[in-house]
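# Results of the structural survey
Listed here are the chains, written in short residue letters.
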Amino acid sequence: MRGKLIVIDGLDGSGKSTQSKLVAARLRSRGEQVQLISFPDYSEPSSALVRMYLGGEFSDSPGGVNAYAASTFYAVDRYASFKKFWEKQYLNGYTILATRYVSSNAIHQMGKLPRDQWDAYLHWLDDFEYQKLCLPKPDRVIFLNMNRQVADRLIEGRYGGDESRKDIHERDRAYLQSCQETAKYAAKVQNWRIVCCDDGENPLPIDAVTERIMEQID
């Protein structure tokens, strides 16, 4: 009996990791068997190319690595994680709760392409990861949408203003803004559920966001 795969995704600063842990606890309290996973899996060798990419070893800007190449870095990490850590649980009825997944490639890589190529990219991405690599398709993708200015303040607080600690995505505000557009497009085309995480000026209370996510899951 296959389980469920629920993805919580969003741009940097949106609170994905925090919310994934809280949602996992809520699901477990209802008696569900839950495994929490997160991508990239920086503790594993499979994330080596992702770490090199984000660390600026291939280019000092996101656009210096084309969408398809960068997408494969992340896809290989997901494949390794699936085969090593959660395939058995998924096939035996667990709820798998993923922080980021294939949706992150759509958010972060699609914007490197001209807009008239976005549909072709999404088709390629689905075929590559779900058909060629045989990764399971999510039952639900929940996108945490946060105003970019609010999220930027949270990122600054995370690193205490130390720019050297940011990866090439976090350093490039124009890139993050473009990701807001790709996320909006992918959400519409692929029927993601969108959860607003701010009031326009400040983040919403963490528990309020958790409630909104649970509503989408239920």
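Residues numbered from 1 in each chain as written. Predicted model: local features only at pLDDT ≥ 70, side-chain atom pairs only at ≥ 80, totals over all residues. Heavy atoms only, no water.

### Here's the deal with unusual backbone geometry
The omega angle of the peptide bond from F39 to P40 is -5°, so this bond is cis rather than trans. Residue position: P40 is located in the loop between β2 (34-38) and α2 (48-54). Positive phi is not limited to glycine here, since N191 has a value of about 60°. Relative to the helices and strands, N191 is located in the loop between α7 (173-190) and β5 (193-196). (Helix = DSSP H or I, 4+ residues; strand = E, 2+ residues; numbered from the N terminus.)

### Brief notes about the packing of aromatic side chains
Taken as a whole and assessed by the stated rule, the structure comprises 13 aromatic pairs. An angle of 80° between the planes, with centres 6.3 Å apart, marks the rings of W86 and Y90 as edge-to-face. You can see W86 and its partner Y90 sitting in helix α3 (residues 67-91), 4 residues apart, about one turn around the helix. Y90 matches W86 in its accessibility class, with the two residues each being buried. Taken together, the ring pairs in this structure connect F39, F82, W86, Y90 and Y101 into an aromatic cluster. (Phe/Tyr/Trp six-rings, centres within 6.5 Å; stacked < 30°, edge-to-face > 60°. Buried < 20%, exposed > 50% of the residue type's maximum accessible area, 1.4 Å probe, protein only.)

### Topic: the nonpolar core
Counting 32 residues, the largest nonpolar core has L5, W86, Y101, I107, Y121 and W192 as the members making the most contacts within it. Listed by contribution, the elements that provide at least two residues to this core are β1 (4-10), α3, β3 (95-99), α4 (102-109), α5 (118-132), β4 (140-145) and α7. Take this core: its biggest share by element is 6 residues, from α7. With sequence-adjacent residues up to four places away left out, I107 is seen in contact with D9, L11, F143, C179, T182, A183 and W192. Counting residues in hydrophobic clusters, the runner-up holds 19 residues, among them I6, A151, L204 and M214. (Core = buried A, V, L, I, M, F, W, Y, C linked by side-chain atoms within 4.5 Å. Contact = heavy atoms within 4.5 Å.)

### Overview of the side chain of N105
The topology assignment puts N105 in helix α4. On the basis of relative accessibility, which here comes to 1%, the residue N105 falls in the buried class. Only 2.9 Å separates the side chain of N105 from the side chain of E129, close enough to count as a polar contact. Setting aside residues up to four positions removed in sequence, N105 forms contacts with A70, S71, Y74, A75, R78, M110, Y121, L125 and E129. (Polar contact = N/O pair within 3.5 Å; in protein donor to acceptor, adjacent residues only side chain to side chain.)

### Some details on the pattern of salt bridges
The tally for this structure, following the rule as stated, stands at 8 salt bridges. Residue K4 pairs with E32 through a salt bridge whose shortest N-O separation is 3.6 Å. Here K4, found in strand β1, pairs with E32, found in the loop between α1 (16-29) and β2; they are 28 residues apart in sequence, far enough to count as distant. Residue E87 is joined to K83 by a salt bridge in which the shortest nitrogen-to-oxygen separation is 3.1 Å. Residue E87 and its partner K83 are both found in helix α3; the two are separated by 4 residues, about one turn of the helix. When salt bridges that share partners are traced, they join K4, R30, E32 and D218 into one network. (Salt bridge = Lys/Arg side-chain N within 4 Å of Asp/Glu carboxyl O.)

### Thoughts on the packing of α4 against α5
Two numbers describe how α4 lies on α5: the axes approach to 10 Å, and their chain directions differ by 150°. Here α4 is positioned roughly antiparallel relative to α5, judged by the angle of their axes. Between α4 and α5 lies a crossing whose hand is right-handed. For the pair formed by α4 and α5, the contact residues are V102, N105, A106 and Q109 on the first element and Y121, L122, L125, E129 and Y130 on the second. (Axes fitted to C-alpha atoms, helices over the stretch in contact; angles between N-to-C directions. Parallel < 35°, antiparallel > 145°, perpendicular 65-115°, else oblique. Left-handed = near helix turned anticlockwise from the far one by under 90°.)

### A short note on the state of the cysteines
With the rule as written, the count across this model stands at 0 disulfides. Residue C179 stays outside any disulfide, its sulfur separated by 16 Å from that of C197, the closest cysteine. Take C197: it sits in no disulfide, and the sulfur closest to it among the cysteines is that of C196, at 6.5 Å. What makes C197 buried here is its relative accessible area of 2%. (Disulfide = S-S within 2.5 Å.)

### Comments concerning α4
Within α4, 8 of the 8 residues are buried, leaving the element largely enclosed by the surrounding structure. Within the sequence span of α4, burial applies to V102, S103, S104, N105, A106, I107, H108 and Q109. Packing partners of the buried residues in α4 comprise β1, α2, α3, α5, β4 and α7.

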